[in-house]
Amino acid sequence: HYVTSACNAACDHCYFLDRLNAKDDLRKDETFGVIHRLGRLRALLVAGGEPFICRHLDEILIAYHRICGVGVAQIPTMAFHGDRMRKTIERALTACPGLHLTVNVSLDGFEAFHDANRKIPGRWRRAIGNLRMLLAMRADHPRLRVCVVSVLMPDTLDQLRPFAEFIRHGIAPDLHI
């Protein structure tokens, strides 16, 4: 479910780049109308743009769980909106005791490459800080899984091993793919 086309980056490798920040996203009432018509679902992938820009993402997750029976959901993110991420995750997991949520944080290389690729200086440091916040949230939310997802690109090949080691030992997410 693409919850929004809004995004505050312009990543070189984005497959959705020509549709970002469109003005034709579903309204909130339209989204919930679709959810009510879907029937039973086991799993959900929420996407976008940047899903955490969607101000009613917690309500969407809760509706999918309660109405459609979704037990597993994944959300890819650039981990830019830390406070909104924390609140959304806490609300959804508190309201849905049977929901298992995976947050996939996009990190494609070390700081200089990451920020240049995303077109926003400071994106790396903010993502790393919010990634660590997410990892700390697992203590209170055992149904939260935090992963790092990296896109392999020609400009990152020479840094692949040190970057993977940094993620594995310096960040220690549940999974790095």
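Everything below is about the structure shown above.
How each quantity is defined
Residues numbered from 1 in each chain as written. Predicted model: local features only at pLDDT ≥ 70, side-chain atom pairs only at ≥ 80, totals over all residues. Heavy atoms only, no water. Helix = DSSP H or I, 4+ residues; strand = E, 2+ residues; numbered from the N terminus. Rg over C-alpha atoms; globule rule 2.2 N^0.38 Å. Buried < 20%, exposed > 50% of the residue type's maximum accessible area, 1.4 Å probe, protein only. Contact = heavy atoms within 4.5 Å. Areas by Shrake-Rupley, 256 points an atom, 1.4 Å probe, with all protein chains shown as cover. Lys, Arg positive; Asp, Glu negative; His and termini not counted. Charge placed at Lys NZ, Arg CZ, Asp CG, Glu CD. Phe/Tyr/Trp six-rings, centres within 6.5 Å; stacked < 30°, edge-to-face > 60°. Polar contact = N/O pair within 3.5 Å; in protein donor to acceptor, adjacent residues only side chain to side chain. Pairing = 2+ DSSP bridges. Core = buried A, V, L, I, M, F, W, Y, C linked by side-chain atoms within 4.5 Å. Arc of directions from axis to C-beta. Axes fitted to C-alpha atoms, helices over the stretch in contact; angles between N-to-C directions. Parallel < 35°, antiparallel > 145°, perpendicular 65-115°, else oblique. Left-handed = near helix turned anticlockwise from the far one by under 90°. Nonpolar A, V, L, I, M, F, W, Y, C, P; charged D, E, K, R; others polar.

J.: Tell me about the overall build of the protein, and please be specific about residues and values.
T.: Secondary structure summary: the protein contains six helices and seven strands in total. Along the chain direction, N to C, the helices and strands of the protein fall in the order β-α-β-β-α-β-α-β-α-α-β-α-β. Radius of gyration (C-alpha) of the protein: 16 Å, near the 16 Å computed for a compact globule of 177 residues. Seen through its principal axes, the protein has C-alpha atoms that stretch 50 × 40 × 25 Å. For the protein, the residues scored as buried account for 46% of the 177 residues in total. Within the protein, residue pairs in contact and separated by at least 24 positions form 77% of the contacts whose partners lie at least 6 positions apart. For the protein, the exposed surface amounts to about 9200 Å²; the carbon and sulfur share of it is 55%. In the protein, 24 side chains carry a positive charge and 19 a negative one; their mean positions are 5 Å apart.

J.: Now, about the packing of aromatic side chains: what can you tell me, with residues and values included?
T.: Aromatic ring pairs are described here by two measures, namely the spacing of the ring centres and the angle between the planes. The tally for this structure, following the rule as stated, stands at five aromatic pairs. Ring centres of Phe 110 and Phe 166 lie 5.9 Å apart, and the angle between their planes is 55°; on these two criteria the pair is classed as tilted. With Phe 110 in the loop between β5 (100-106) and α4 (111-118) and Phe 166 in helix α6 (residues 160-171), this pair connects stretches of sequence that are 56 residues apart. For Phe 166, a relative accessible area of 25% puts it in the partly exposed group.

J.: Tell me about the environment of Asp 174, residues and numbers included.
T.: Assignment of secondary structure puts Asp 174 in the loop between α6 and β7 (175-176). On the accessibility criterion, Asp 174 (35% relative accessible area) is partly exposed. For Asp 174 and Arg 27, which are 147 residues apart along the polypeptide, the C-alpha to C-alpha distance reads 34 Å. Of the polar contacts made by the side chain of Asp 174, one reaches the backbone nitrogen of Val 146; its length is 2.7 Å.

J.: I'd like to hear about the pairing of strand β6 (residues 144-149), residue by residue, with values.
T.: Here six bridges tie β5 to β6, and the two strands are oriented parallel to one another. The residue of β6 that forms the bridge with Ser 106 is Val 149.

J.: Provide a residue-level description of the nonpolar core, including the pertinent values.
T.: Of all hydrophobic cores here, the largest spans 41 residues; its most connected members are Ile 89 and Leu 107. Those elements that place two or more of their residues in this core are α1 (28-38), α2 (57-68), β4 (72-77), α3 (82-95), β5, α5 (123-137), β6 and α6. If we ignore the near neighbours within four places in the chain, the residues touching Ile 89 are Phe 52, Leu 101, Val 103, Leu 134, Met 137 and Leu 144.

J.: Please provide a residue-by-residue account of α1, values included.
T.: Among the residues making up α1, those that are buried are Thr 31, Phe 32 and Ile 35. Taken around the axis of α1, the buried residues stretch over an arc of 90°, which confines them to a single face. Facing away from the buried side of α1 by over 90 degrees, the exposed positions are Asp 29, His 36 and Arg 37. Packing partners of the buried residues in α1 comprise α2. Downstream of α1 by a residue or two, Gly 39 has a phi angle that is positive, lying close to 85°.

J.: Now, about the packing of α3 against α5: what can you tell me, with residues and values included?
T.: Geometry of a packed helix pair, given as the angle between the helix axes and the separation of the axes. Axis separation between α3 and α5 bottoms out at 10 Å; the angle between their running directions is 20°. Put simply, α3 runs roughly parallel to α5. For the pair α3 and α5, the crossing hand works out as right-handed. Taking contact as the criterion, the partners of Gly 82, Met 85, Arg 86, Ile 89 and Glu 90 in α3 are, on α5, Asn 130, Met 133, Leu 134 and Met 137. Residue classes in the contact of α3 with α5 are distributed as five nonpolar, two polar and two charged.

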